[in-house]
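One letter stands for each residue in the lines below.
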Amino acid sequence: MNAEQNKQSSRRHLAMNTARWVLAAGLALLSVRLLGRTSAGRERACIDPRGLTGCRECREWTNCRLPRALSVKQVLH
């Protein structure tokens, strides 16, 4: 009976360790994925691609990280 309890304990221990490693690997992958994203999420295309209103008139200009808007901000400041 003692040998049988040791076998069950070993299996339980193995299952718990496997579950821990799978959970740790999942959390690591999730962390890498979240850290790899940009802070504002995916960048959207300019809402004024033809430049008809200009960046300063754009409603998204204050938060925009697109190169055109950053250039305008740099020139103005």
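Residues numbered from 1 in each chain as written. Predicted model: local features only at pLDDT ≥ 70, side-chain atom pairs only at ≥ 80, totals over all residues. Heavy atoms only, no water.

*Asks:* Just to check I follow, could you spell out the overall build of the protein for this structure?
*Replies:* In terms of helices and strands, the protein carries 2 helices and 0 strands. Accessible surface computed for the protein: about 7400 Å², of which carbon and sulfur atoms make up 57%. (Helix = DSSP H or I, 4+ residues; strand = E, 2+ residues; numbered from the N terminus. Areas by Shrake-Rupley, 256 points an atom, 1.4 Å probe, with all protein chains shown as cover.)

*Asks:* Can you walk me through the nonpolar core in this structure?
*Replies:* One recurring pattern in soluble globular proteins: nonpolar side chains tend to sit buried together. Cys55, Cys58, Trp61, Cys64, Leu66 and Ala69 together form the largest nonpolar core, which totals 6 residues. Discounting residues that sit within four places of it in the chain, Cys55 has contacts with Trp61, Arg68, Ala69 and Val72. (Core = buried A, V, L, I, M, F, W, Y, C linked by side-chain atoms within 4.5 Å. Buried < 20%, exposed > 50% of the residue type's maximum accessible area, 1.4 Å probe, protein only. Contact = heavy atoms within 4.5 Å.)

*Asks:* Teacher, can you tell me more about the side chain of Lys73 here?
*Replies:* Within the secondary structure, Lys73 sits in helix 2 (residues 67-76). Although buried, Lys73 forms no salt bridge, and the nearest oppositely charged side chain, Glu60, lies 9.7 Å from it. Within the structure, Lys73 has its side chain in polar contact with the backbone oxygen of Cys64 (distance 3.0 Å). Discounting residues that sit within four places of it in the chain, Lys73 has contacts with Trp61, Thr62, Asn63 and Cys64. (Lys, Arg positive; Asp, Glu negative; His and termini not counted. Salt bridge = Lys/Arg side-chain N within 4 Å of Asp/Glu carboxyl O. Polar contact = N/O pair within 3.5 Å; in protein donor to acceptor, adjacent residues only side chain to side chain.)

*Asks:* Help me out: how do you make sense of the environment of Leu76 in this one?
*Replies:* In this structure, Leu76 sits in helix 2. Separated by 20 residues in the primary sequence, Leu76 and Arg56 have C-alpha atoms spaced 9.8 Å apart. Among all residues touching Leu76, those that are not within four sequence positions of it are Arg56 and Trp61.

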